[in-house]
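What follows is each chain in one-letter form.
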Amino acid sequence: MENPPNETEANQIQLNGAKKPKGGIITMPFIIANEAFEKVASYGLLPNMIMYLIRDYRFGVAKGTNVLFMWSAATYFTPLLGAFLSDSYLGRFLTIAIASLSSFLGMVLLWLTAMLPQVKPSPCDPTAVGSHCGSATASQLALLYSAFALISIGAGGIRPCSLAFGADQLDNKENPKNERVLESFFGWYYASSAVAVLIAFTGIVYIQEHLGWKIGFGVPAVLMLTAGLLFLLAYPLYVRRNVTKSLFTGLAQVVVAAYVNRKLSLPDQHDSFNSYYHVKDSDLKAPSRKLRFLNKACLISNREEEIGSDGFALNPWRLCTTDKVEELKALIKVIPIWSTGIMMSINTGQSSFQLLQATSMDRRLSRHGSSFQIPAGSFGMFTIIALAMWVVLYDRAVIPLVSKIRGRPFRLSVKLRMGLGLFMSFLAMAISAMVESFRRKKALSQGYANNAVAVVDISAMWLVPQYVLHGLAEALTAIGQTEFFYTEFPKSMSSIAASLFGLGMAVASLLASVILSAVNHLTSRNGKESWVSDNINKGHYNYYYWLLAIMSFINVIYYVICSWSYGPLVDQMRNGRVNGVREEEELLDIVGKGFEKEDLSEVVKKN
C-alpha cells in the first residue's frame, strides 16, 4: 500500500509546456513485457525439472518431487515478503528491478549446471552391469539450490508488484474514463499472463525436450535478461510513489496491543462508544462483539497518556484504531474457508507424477500415421486452456443464456463456485487413480515391470480429462476465493486479499511434501516397493492418487461445514441479493437443496 504522489511528484506528472507527464499508456508495454517474460522463463523451467533432477542429478522420484515442492513453496511465499518490502521500504520500482536481477542470476546459475560438467554428477548408466553411479556432492547441490532460491526471490518481487505498479501509471482520478482504463489494463495484464504460461508449457518445454538442457535453460535466461532490460529502459517514464507503512504492520500492531492490554476489562455495550479509539471520520465507533479479546487493542485506558493533541495514538503498538481491529477480525474469519483451497492446490501440484505417466505413454496426436508427439511437460497446457475457456464461456455464454431462459439475472454464488471447484478437484484425483490403474495393468501385461522407461501401448490422451478437471477446479475455486476475499475484506485490505491464495499455494506445497514423504516411508517398510517408487510400473501411483482423492472428498465435506458456519456474505447482509438473484433461490434451483438456507432466510427476512 503506497501513498498518493506528493506535491512535487504531482507537479512532475502534470502536463505543462516544458515537461511531459509521467506514467500513462506508454509505460504499459514495458511493465507487461517484464511480467510476461518472467512467467515464460520461470514457468517454462517447472514441467520438465523432475526429469532433469532424476537423469542428471540422479534423484529418486520422491526426493526430486519433494525438492520441487519446496521450491514451489518458496516461490509462492516470497511474494508476501516482496509485497511487505515494497510497501514499507523499497517501493515498487526498486523491488521489481532487484527481483528481475535475482531471477536472471538464478537462471544463469541453472544454465551453468547444464553447461559445466563439473558442477553436477558425471554421466553414468545405472542400468549397466557393475556400474556405481555417485550422487551429487554438497557443493553441486548448493549451486543447484542457490539457482532455485534466486529464481524464487525474483518471482517474489515481480509478481506482487507488477500489477500494482502498472495501475500506478494509469490511475488518474481526474480522468472520467479512469475506471475503464484500469479495467482494460487488468484485462491485458491477465491475458498476457495466460499467454505467457501457455508459451512456457509448449515452446520452452519443446525446446528442452528436443534441443537439450543447455539451450532449454539458456532461452529462459535470455528472456529474463530481456525482461529486466525492457523494464529499466522506461525508467524516466514511470510514476514512482512514496512508500508507507505496510498493512501487515498494522495487523501485527493489533495483536501486540491486544496482548499488552490483556488485563483491561471491556466496558458494557451501552457505554462502549467513548471507550474505543477510532479515527475521526470512521463509521466504526466501537468494534464488533465477535473475537472480543481483540477489542482490547483499541480500548482507551488513559486518554491523556495514550492520545496526542492531534488526536492520533502516541504508540500504535499499545493502542490501535477500531478499523484495524476489524480488519484483523475479517482476516481471521475467512481462514477456515481459505484453508479448504489448500487440498485443491495439493492436487494440482502433482505435476511430477503426471509427467512420468505421460513419458511412459504414447504421446502421438494420432496413432495412425502421425509422428508428432506432444512433449510430456506440455500436458499442463490443457489445464490452462480449460481454465481460460470456462472463464470466457461462463461470462459470455452461460450467464446471458441462463438469464434469458429464467427471465432474470443469473450468476453462481461465490460460495457455490468454490464448492463445485473442490468437488471437481476430487473428481480429477479419482480419474487420475483410475487412469493410472489402467496404465499400470497394461504395462505389466506387456512385460514392462522392470522397465520404467518403456512406452506402454496406451494413448497419453487418457490424461487429458484429469488436466481439464484441474483447470475447471482452479477456475471455480481459485478465482472464487480471490473474489470472496476481495468482497469480504475492507478496501484497505485489497493487498492481503491478493496474497492469500498464493499463501495457500505455499502451504499446500509444504503439506504435499509432508504427505509424499509419509507415503514413501510408510509404504516402503519391510523391504516393500514404495507406492511412489522410482519405477513407475513397480510402484502404485494409483494408490497414492486414491489417497489424495479420499482426502479431497473429506475436504469437500469440511468446506460445506465452513461455508454454513461462515454465514451470509457481506453483499447478502447489505441487501439480500447479488445481481438481483437471491442466493437462497439460486442454490435451491441448482443443487436441489441449500446448505445455507437458514442463514439466508434470516437475511432475506431482514431485508
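By the naming in an unreviewed UniProt entry, the protein chain goes by NPF family transporter and is assigned to Thlaspi arvense. In its Sequence similarities (unreviewed entry) section, the UniProt entry covering the protein chain states "Belongs to the major facilitator superfamily. Proton-dependent oligopeptide transporter (POT/PTR) (TC 2.A.17) family." For the protein chain, the Subcellular location (unreviewed entry) comment in UniProt is given as "Membrane".

What follows covers a nonpolar patch on the surface. A cluster of nonpolar side chains, Leu81, Leu85, Tyr89, Leu90, Leu94 and Ile98, forms an exposed patch at the surface whose accessible area comes to about 550 Å². With respect to the element layout, leucine 85 can be found in helix H4 (residues 61-90). The exposure class of leucine 85 is partly exposed, given its relative accessible area of 31%.

For asparagine 520, the location among the structural elements is in helix H16 (residues 494-523). Distance from asparagine 520 to serine 530, taken between C-alpha atoms, is 5.6 Å for residues ten residues apart in sequence. Setting aside its immediate chain neighbours within four residues, asparagine 520 contacts Ala62, Ser530 and Val532.

One finds Met49, Phe484, Phe489 and Tyr544 to be the most contacted residues of the largest nonpolar core, which totals 125 residues. By residue number, the principal contributor to this core is helix H11 (residues 322-348), which donates eleven residues. Leaving out residues up to four positions away in the same chain, phenylalanine 489 has contacts with Ala330, Leu331, Val334, Ile496, Ala497 and Leu500.

A complete count under the given rule lists nine salt bridges for this structure. Where aspartate 362 meets arginine 364, a salt bridge forms, and the shortest distance between an N and an O atom there is 2.9 Å. Accessibility expressed as a relative area gives 7% for aspartate 362, which makes it buried. Here arginine 364 falls in the partly exposed class, since its relative accessible area comes to 27%. Between glutamate 436 and arginine 439 there is a salt bridge, with its nearest N and O atoms 2.9 Å apart. One end of the pair is glutamate 436 and the other is arginine 439, both in helix H14 (residues 414-445) and three residues apart, which spans about a single turn.

For the coordinates displayed, the defined rule picks out 27 aromatic pairs. With centroids separated by 5.3 Å and ring planes inclined at 55°, the aromatic side chains of phenylalanine 426 and phenylalanine 553 adopt a geometry described as tilted. On the criterion of sequence distance, the pair formed by phenylalanine 426 in helix H14 and phenylalanine 553 in helix H17 (residues 541-566) is long-range, its members being 127 residues apart. Residue classification places phenylalanine 426 among the buried residues on the basis of a relative accessible area of 16%. Pairwise contacts between aromatic rings join Tyr52, Tyr57, Phe59, Trp213 and Phe217 into one cluster. We note lysine 333 situated over the ring of tyrosine 566; from NZ or CZ to the ring centre the distance is 4.4 Å.

Conventions and cut-offs
- Residues numbered from 1 in each chain as written.
- Predicted model: local features only at pLDDT ≥ 70, side-chain atom pairs only at ≥ 80, totals over all residues.
- Heavy atoms only, no water.
- UniProt positions renumbered as here; feature names shortened; annotations may be inferred.
- Patch = residues over 30% accessible without salt bridge, like charges linked within 9 Å, V, L, I, M, F, W, Y side chains within 5 Å.
- Areas by Shrake-Rupley, 256 points an atom, 1.4 Å probe, with all protein chains shown as cover.
- Salt bridge = Lys/Arg side-chain N within 4 Å of Asp/Glu carboxyl O.
- Helix = DSSP H or I, 4+ residues; strand = E, 2+ residues; numbered from the N terminus.
- Buried < 20%, exposed > 50% of the residue type's maximum accessible area, 1.4 Å probe, protein only.
- Contact = heavy atoms within 4.5 Å.
- Core = buried A, V, L, I, M, F, W, Y, C linked by side-chain atoms within 4.5 Å.
- Phe/Tyr/Trp six-rings, centres within 6.5 Å; stacked < 30°, edge-to-face > 60°.
- Lys NZ or Arg CZ within 6 Å of the ring centre and 35° of its normal.

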